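So the chains spell out like this:
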Amino acid sequence: MKHLVVALAACVAVPALAQEAPKPAEPAAVSEAWPEAWFEIFKLAPGKQEEFIRRIAQADEVAAAAGLPPIQLFFHEDGADFDVILFKPVTGFKPTPEQQAAMAKKRRELGMPSGPAYFIDIRELVASHTDSKTYGPLSAARWIARLDKWRAENPPRKPVMGK
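Numbering of residues starts from 1 in every chain and runs along the sequence as written. Thresholds applied to this predicted model are a pLDDT of at least 70 for local features of residues and 80 or more for the giving and counting of side-chain atom pairs; totals over whole chains, interfaces and linings are not thresholded and use all residues. Processing note: side-chain calculations cover all non-hydrogen atoms of the structure and skip hydrogens and water entirely.

Visitor: Whenever I open this one, the overall build of the protein confuses me. Can you help?
Guide: A helix here means a DSSP run of H or I that spans at least four residues, while a strand means a run of E at least two residues long, and both kinds are numbered starting from the N terminus. What the protein contains, in helices and strands, is five helices and four strands. Secondary structure elements of the protein, listed N to C terminal, follow the sequence α-β-α-β-β-α-α-β-α. Here the protein holds 163 residues, and 17% of them are scored as buried. We call two residues contacting when some pair of their heavy atoms lies within 4.5 Å. If you take every contact in the protein between residues at least 6 apart in sequence, the share linking residues at least 24 apart comes to 77%. To sort residues, take the accessible area from a 1.4 Å probe on protein chains only and compare it with the maximum for the residue type: under 20% means buried, over 50% means exposed, and anything in between is partly exposed.

Visitor: Please explain the packing of aromatic side chains as it appears in this structure.
Guide: When we look at a pair of aromatic rings, we describe it by the centre distance and by the angle of the planes. Ring pairs shown here join Phe, Tyr and Trp side chains whose ring centres sit within 6.5 Å, with only the six-membered ring taken for Trp; geometry is labelled stacked below 30 degrees between planes, edge-to-face above 60, and tilted in between. Applying the stated criterion across every chain yields a total of three aromatic pairs. Between the aromatic rings of tryptophan 34 and tyrosine 135, the centroid separation amounts to 5.4 Å while the plane-to-plane angle is 75°, which identifies the pairing as edge-to-face. Remark: tyrosine 135 occurs in strand 4 (residues 126-135) and tryptophan 34 occurs in the loop between helix 1 (2-18) and strand 1 (36-44); sequence separation between them is 101 residues. Tryptophan 34 gets classed as buried once you look at its relative accessible area, which sits at 15%. Relative accessible area serves as the criterion here: at 53%, tyrosine 135 is assigned to the exposed category. Ring geometry for phenylalanine 39 against phenylalanine 87: centres 5.1 Å apart, planes inclined by 40°, an arrangement best described as tilted. Remark: phenylalanine 87 occurs in strand 3 (residues 84-90) and phenylalanine 39 occurs in strand 1; sequence separation between them is 48 residues. A relative accessible area of 14% places phenylalanine 87 in the buried class.

Visitor: Quick question: what am I supposed to make of the packing of helix 2 (residues 49-65) against helix 3 (residues 97-110) here?
Guide: Any two packed helices are characterised by the angle at which their axes cross and by the distance between the axes. Here helix 2 crosses helix 3 at 145°, and the two axes come no closer than 7 Å. Our pair here, helix 2 against helix 3, has a crossing hand that is right-handed. In contact with Gln58, Glu61, Val62, Ala63 and Ala65 of helix 2, helix 3 contributes Ala102, Met103, Lys106, Arg107 and Leu110. Here the contact of helix 2 with helix 3 is composed, by residue class, of six nonpolar, one polar and three charged. Note on geometry: axes are C-alpha line fits, over the in-contact stretch for helices, and angles between N-to-C directions span 0 to 180 degrees. Crossings are assigned a handedness: left-handed for a near helix turned anticlockwise from the far helix by less than a right angle, right-handed for a clockwise turn. The residue classification treats Ala, Val, Leu, Ile, Met, Phe, Trp, Tyr, Cys and Pro as nonpolar and Asp, Glu, Lys and Arg as charged. All others, Gly included, are polar.

Visitor: Even after reading the chapter, I still don't get the layout of surface pockets, so can you show me in this structure?
Guide: The gaps left among the atoms become clear once a water-sized probe is rolled over them. The way it works is a 1 Å grid over only the protein atoms, where trapped points that fit a 1.4 Å probe form a cavity and open points with protein on both sides within 12 Å along at least five of seven lines form a pocket, and then any residue with an atom within 4 Å of a point lines it. Grid points are joined across faces, edges and corners, and a volume is the space filled by probe spheres set on the points. Of the volumes computed, that of the largest pocket is approximately 920 Å³. Considering the residues around the largest pocket, the lining is formed by 31 residues, among which Ala59, Ala63, Pro69, Ile71 and Lys88 are closest to the centre. When its residues are assigned to classes, the lining of the largest pocket shows 20 nonpolar, six polar and five charged.

Dropping the structure here:
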């Protein structure tokens with residue numbers, strides 16, 4: 001089935017290739033802050049996958065009480081040894097006292113633990129976990145523009161002879 005989807009996609013893409021290619025977009029200002037995100041990679045305890053996903057759904061309900069978006073999940077299909085990846089953009093958003101109260105109320109309604117109790121509770125479902133803070137998504141052009149700007153502002157120093 002995968003091969004059929006790839007073949008169909010290639011057939012649809014061929015006419016598009018014959019058209020004039022659009023000009024690439026200019027990279028965003030190189031002094032702009034890059035977007036950041038956390039990726040959390042979980043291998044879950046045997047038989048605990050559904051319970052883990054249901055807990056994430058509850059966390060999404062708590063976030064929704066403050067008008068926040070849900071966590072984005074990516075589920076394992078093929079390849080590396082993991083069950084689920086959580087994608088969390090870093091926004092710098094700080095909830096207002098009203099939003100904090102709404103989330104606390106929803107957490108109590110759902111009977112969810114918080115603080116250290118949450119840490120202990122969720123770890124019962126996890127066999128292993130890693131996370132990485134990243135920059136992105138970024139285009140190659142935007143990354144190169146930042147590198148070129150940095151190099152222009154930080155020329156290599158020539159070594160001083162005899163030192």
